[in-house]
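Residue strings, one per chain:
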Amino acid sequence: ELASLSDAVNAMSRSLAEAEAEADAQTAKARRVQAHLLPDLSAVRGFRAAFIYQPADTVAGDYFDIVQGGGGVLLFCIADVSGHGIAAALEAVVLKAAFLEAAERGAGPGEALAHVNARFMAASLPGDFATMLVGRWCPQSGRLEYASAGHDPAALVRAGGGRELLGATGLPLGADAAASWRAASVAAGRGDRLFLSTDGLPETRDASGAMFGRERLEGLLAGQGGSVEQVLREVERALLAHRGGLPVSDDVTLVAIQAGDG
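Residues numbered from 1 in each chain as written. Predicted model: local features only at pLDDT ≥ 70, side-chain atom pairs only at ≥ 80, totals over all residues. Heavy atoms only, no water.

**With respect to the state of the cysteines**
And step 1. For the coordinates displayed, the defined rule picks out zero disulfides.
And step 2. Free of any disulfide, Cys138 has its nearest neighbouring cysteine sulfur in Cys77, separated by 19 Å.
And step 3. On the basis of relative accessible area, Cys138 is assigned to the buried category, the value being 19%. (Disulfide = S-S within 2.5 Å. Buried < 20%, exposed > 50% of the residue type's maximum accessible area, 1.4 Å probe, protein only.)

**Observations regarding the sheet that holds strand S9 (residues 193-197)**
And step 1. Overall, antiparallel pairing links the five strands, which are arranged S1-S10-S9-S6-S7 in an open sheet. Of all strands in the sheet, those bounded by a partner on one side alone are strand S1 (47-54) and strand S7 (163-166). Neighbour-to-neighbour, the strand axes of this sheet turn through a mean angle of 15°, independent of strand direction.
And step 2. Summarising the sheet, S1 and strand S10 (residues 252-259) pair through eight bridges and their orientation is antiparallel. Bridged to Ala50 within S10 is Ala256.
And step 3. Across the sheet, helix H5 (residues 228-243) lies against S1, S9 and S10, angled at about 15° from S1, the strand it touches most. (Pairing = 2+ DSSP bridges. Helix = DSSP H or I, 4+ residues; strand = E, 2+ residues; numbered from the N terminus. Axes fitted to C-alpha atoms, helices over the stretch in contact; angles between N-to-C directions. Contact = heavy atoms within 4.5 Å.)

**Regarding the sheet that holds strand S3 (residues 74-81)**
And step 1. Strand order in the open sheet formed by five strands is S2-S3-S4-S5-S8, with antiparallel pairing between adjacent strands. Each edge of the open sheet carries a strand with a single partner, namely strand S2 (62-68) and strand S8 (184-187). For this sheet, the mean inter-axis angle between neighbouring strands, taken without regard to orientation, is 15°.
And step 2. One ladder, built from seven bridges, connects strand S4 (residues 130-138) with strand S5 (residues 143-149); its direction is antiparallel. Bridged to Trp137 within S5 is Leu144.
And step 3. Docked against the sheet, helix H2 (residues 86-104) engages S2, S3 and S4, running at close to 20° with respect to S2.
And step 4. Those strands touched by helix H3 (residues 109-123) are S4 and S5, and its axis lies near 150° from that of S4.

**Re the confidence of the model for the protein chain**
And step 1. Looking at the protein chain, the pLDDT average stands at 89 and 90% of residues meet or exceed 70.
And step 2. Within the protein chain, helix H1 (residues 2-37) has the poorest average pLDDT of any element, 68, and S5 the best, 98. (pLDDT = per-residue confidence, 0-100.)

**Notes on the side chain of Asp62**
And step 1. With respect to the element layout, Asp62 can be found in strand S2.
And step 2. Lacking a salt bridge, the buried Asp62 has Arg214 as its closest oppositely charged neighbour, with an N-O distance of 11 Å.
And step 3. When sequence neighbours within four positions are dropped, the list of residues in contact with Asp62 reads Tyr53, Ala79, Asp80, Ala92, Thr198, Asp251, Val252 and Thr253. (Lys, Arg positive; Asp, Glu negative; His and termini not counted. Salt bridge = Lys/Arg side-chain N within 4 Å of Asp/Glu carboxyl O.)

**Let's talk about the side chain of Thr253**
And step 1. One can find Thr253 in strand S10.
And step 2. A polar atom in the side chain of Thr253 sits 2.8 Å from the side chain of Asp62.
And step 3. If we ignore the near neighbours within four places in the chain, the residues touching Thr253 are Ile52, Tyr53, Asp62, Phe64, Ile78, Leu196, Ser197, Thr198 and Leu201. (Polar contact = N/O pair within 3.5 Å; in protein donor to acceptor, adjacent residues only side chain to side chain.)

**Looking at the environment of Ala89**
And step 1. Along the chain, Ala89 falls in helix H2.
And step 2. Sequence separation between Ala89 and Ala112 is 23 residues; the distance between their C-alpha atoms is 20 Å.

**A few points about empty space enclosed by the protein**
And step 1. One pass over the structure, following the stated rule, counts three cavities of 30 Å³ or more.
And step 2. A volume near 70 Å³ is recorded for the second largest cavity.
And step 3. Taken together, Leu75, Phe99, Ala102, Ala103, Ala107, Gly108, Pro109, Ala112, Val134, Gly135 and Arg136 make up the lining of the second largest cavity.
And step 4. Elements with a minimum of two residues in the lining of the second largest cavity: H2, H3 and S4. (1 Å grid on protein atoms, 1.4 Å probe; cavity = no way out; pocket = protein on both sides within 12 Å on 5 of 7 lines; lining within 4 Å. Points joined across faces, edges and corners; volume = space filled by probe spheres on them.)

**Regarding H5**
And step 1. With 16 residues, H5 extends 23 Å between its outermost C-alpha atoms, agreeing within 8% with the 22 Å of an ideal straight helix rising 1.5 Å per residue.
And step 2. Among the residues of H5, those classed as buried are Val228, Val231, Leu232, Val235, Ala238, Leu239, His242 and Arg243. The arc that holds the buried residues of H5, viewed along the axis, is 130°, so those residues lie on one side.
And step 3. As for H5, its buried residues are in contact with S1, S9, helix H4 (214-221) and S10.
And step 4. Two residues or fewer after H5 comes Gly244, characterised by a positive phi angle close to 60°. (Expected span 1.5 Å × (residues − 1). Arc of directions from axis to C-beta.)

This is the structure in structure tokens:
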């Protein structure tokens with residue numbers, strides 16, 4: 001009887017180990033799939049771009065994309081699905097598919113958000129929502145057009161000094177099927193830098209519960225020294241120091257785009 005019990009325990013242990021190995025393999029594959037969905041920045045021309053992307057879980061509910069259209073026009077977006085983990089990541093994939101669909105149709109930022117909202121509400125659970133900013137940067141006209149569905153303000157840092165925040169122009173996605181988004185336009189020329197982030201970055205907390213803060217983030221982004229990659233490395237170092245070894249509690253994304261330096 002003891003031998004039979006020992007065999008049963010050993011068999012159960014092997015089964016659990018195999019199940020754990022399979023789960024680890026699936027987790028690793030999910031990470032690779034999401035990494036594959038990130039844009040290929042080496043294909044961008046006429047602009048320089050870099051990013052920080054840190055999921056709080058196996059996969060993230062944060063999403064961003066950069067697509068180059070005709071005439072060197074740059075189409076881009078950043079989004080943050082409520083929550084994080086696998087459920088949020090699945091809804092982020094819906095956002096990506098809908099955004100690329102809108103981009104292929106040549107939709108402007110406001111129209112793109114309306115299209116994405118319809119697809120998101122058809123595929124997501126009731127009560128789920130997402131924030132999203134969509135932009136179109138034309139180097140020939142020197143104009144940046146954008147629309148924001150309740151997303152954290154983007155920071156446009158001027159090459160000659162000064163900055164401008166690009167705030168929300170409408171409700172978050174998932175709030176209203178009939179919602180519409182006003183598009184706004186600002187001047188944005190060579191050397192200007194645009195920084196897009198999700199709220200997980202300024203809301204990163206230290207051991208005492210103090211947040212990293214938007215004012216501190218904007219101060220780091222306003223520095224003109226070095227490339228956009230160097231600016232993002234400085235932000236990443238500051239975030240690590242602020243967390244003090246604590247794990248990431250929410251998805252963190254920061255995207256930098258500079259005109260005329262691709």
